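One-letter residues, chain by chain:
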Amino acid sequence: NFEAHTGQLIAILGENGSGKSTLLRILAGAEDLDRGRVHRMGRMGYCPQEPLVYPYLTIEEHLELFALAYGLAAPVARASAARLFERFDLGPWRNQVVEELSGGTRQKLNLAIALLHDPAVVLLDEPYAALDLASYRAFVAWAEEARRGGKCVVLIAHLVLEREHFDAILTL
């Protein structure tokens, strides 16, 4: 059992196969649970471990497509996309199709898609696994800002090097 509240950054750790990703899919509503219950509040963003992107769309086209799916007004979508391009240094690749991108850039796109609609709860499965050091630092800075801004961030990791960033570290 655990609770996650606004303004918290929570890590869920565990060995391979321990159920971390399954738990996150259940929390996101992407998988049914066998027993127990999940109470969700607020708009949610979910970033799975494997980027769920279309190989022949560009980064910009992805953000336009998901802005429509989230029901964002055009000016809101453009402003949010601009912030995410800046935050995760996606600008140089904005017009490249996904199949031409590195794994780290695909992961940053995956994260941007999950954040595009400014969710109150963000569920992240191994969000920094494919990131280089600069991108990891940008992610940590985003996570700290998200916490200060009242977001609840739950992330899956194999290990946590900087424990001071987290309000709780749970182990499966």
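Residues numbered from 1 in each chain as written. Predicted model: local features only at pLDDT ≥ 70, side-chain atom pairs only at ≥ 80, totals over all residues. Heavy atoms only, no water.

Draft legend 1. Region of the structure containing helix α3 (residues 74-87). Over its 14 residues, α3 runs 20 Å from end to end, which matches the ideal 20 Å to within 8%, given 1.5 Å per residue. Those residues of α3 that sit buried are A77, S80, A81, L84 and F85. Taken end-on, α3 shows its buried residues confined to a sector of 140°, consistent with a single buried face. Of the residues in α3, the exposed ones pointing more than 90 degrees away from the buried face are P75, R78, R83 and E86. Residues of α3 that are buried make contact with α2 (59-70) and α4 (103-115). D89 sits one or two positions beyond α3 and adopts a positive phi of about 50°. (Helix = DSSP H or I, 4+ residues; strand = E, 2+ residues; numbered from the N terminus. Expected span 1.5 Å × (residues − 1). Buried < 20%, exposed > 50% of the residue type's maximum accessible area, 1.4 Å probe, protein only. Arc of directions from axis to C-beta. Contact = heavy atoms within 4.5 Å.)

Draft legend 2. How the structure looks around the pattern of salt bridges. Following the criterion strictly, the structure yields six salt bridges and no others. The salt bridge partner of R87 is E145, with a shortest N-O separation of 2.4 Å. Residue R87 is located in helix α3, and its partner E145 is located in helix α5 (residues 133-148); the two are separated by 58 residues in the primary sequence. A single salt-bridge network, built from bridges that share partners, covers E144, R147 and D167. (Salt bridge = Lys/Arg side-chain N within 4 Å of Asp/Glu carboxyl O.)

Draft legend 3. Quick look at the state of the cysteines. Scanning all chains against the criterion turns up zero disulfides. Of all cysteine sulfurs in the structure, the one in C152 sits closest to C47, which takes part in no disulfide; the separation is 15 Å. For C47, a relative accessible area of 0% puts it in the buried group. (Disulfide = S-S within 2.5 Å.)

Draft legend 4. Representation of the packing of α2 against α4 within the structure. Contact geometry of α2 with α4 gives a least axis separation of 10 Å together with a crossing angle of 20°. Classified by the interaxial angle, the pair formed by α2 and α4 is roughly parallel. When the axes of α2 and α4 are compared, the crossing they make is right-handed. Seen from α2, the contacting residues are I59, H62, L63, F66 and Y70; seen from α4, they are T105, L109, A112, I113 and A114. Residues that form the contact of α2 with α4 fall into these classes: eight nonpolar, two polar and no charged. (Axes fitted to C-alpha atoms, helices over the stretch in contact; angles between N-to-C directions. Parallel < 35°, antiparallel > 145°, perpendicular 65-115°, else oblique. Left-handed = near helix turned anticlockwise from the far one by under 90°. Nonpolar A, V, L, I, M, F, W, Y, C, P; charged D, E, K, R; others polar.)

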